[in-house]
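Below, each chain spelled out in residue letters.
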Amino acid sequence: RALGLSNVETLAVMDAKNLAFPDSFFDAVVAQYVITAVPDPEATLDDFVRVLKPGGELILVNHIGAESGARRVFELAFAPLAR
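The structure contained in this document is the topic of the report that follows. (Residues numbered from 1 in each chain as written. Predicted model: local features only at pLDDT ≥ 70, side-chain atom pairs only at ≥ 80, totals over all residues. Heavy atoms only, no water.)

### Regarding the side chain of Thr44
Heads up, the condition is: Counting from the N terminus, the helices are the DSSP runs of H or I reaching at least four residues and the strands are the DSSP runs of E reaching at least two. Residue exposure (1.4 Å probe, protein chains only): buried if accessible area is under 20% of the type maximum, exposed if over 50%, otherwise partly exposed. Working rule for contacts: check all heavy atoms of both residues, and any pair within 4.5 Å makes them a contact.
You can see Thr44 is positioned in helix α1 (residues 41-50). Look at Thr44 and you get buried, because its relative accessible area is 2%. Ignoring anything within four residues of it in the chain, the contact list for Thr44 reads Ala16, Lys17, Ile35 and Val38.

### Focus on the pattern of salt bridges
Quick reminder of the rule: Note on definitions: salt bridges are taken to be side-chain nitrogens of Lys or Arg within 4 Å of carboxyl oxygens of Asp or Glu.
Enumeration according to the criterion identifies 4 salt bridges in this entry. Taking the shortest distance from any N to any O, the salt bridge between Arg50 and Asp23 comes out at 2.7 Å. You can see Arg50 sitting in helix α1 and its partner Asp23 sitting in the segment before β1 (26-32), a full 27 residues away along the chain. Here Asp27 makes a salt bridge to Lys53, at a shortest N to O gap of 3.3 Å. In this pair, Asp27 sits in strand β1 while Lys53 sits in strand β2 (residues 52-61), placing the two residues 26 residues apart along the sequence. Using a relative accessible area of 34% as the deciding quantity, one classes Lys53 as partly exposed. Look at the salt bridges and you will find they share partners, linking Asp23, Asp47 and Arg50 into a network.

What is shown is where atoms sit, not what they do.
This is the structure:
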């Protein structure tokens with residue numbers, strides 16, 4: 001309100017793995033730079049999926065990647081599918 005952001009309807013603070021929204025509430029969930037910052041990424045993803053309507057879209061954005069090892073191999077293999 002202090003900045004007069006007319007494009008922002010509501011802001012809410014909540015636990016990412018226990019969202020205060022009903023099941024099948026959103027057409028899309030966009031999580032930018034969240035998954036690597038939460039203590040329980042698996043539970044967080046589960047709750048993102050819970051609040052999606054059937055056929056909804058989950059969009060994850062992240063920029064941190066492994067420099068070596070099995071995780072790097074997985075990330076490189078998964079990247080074409082993510083696009």
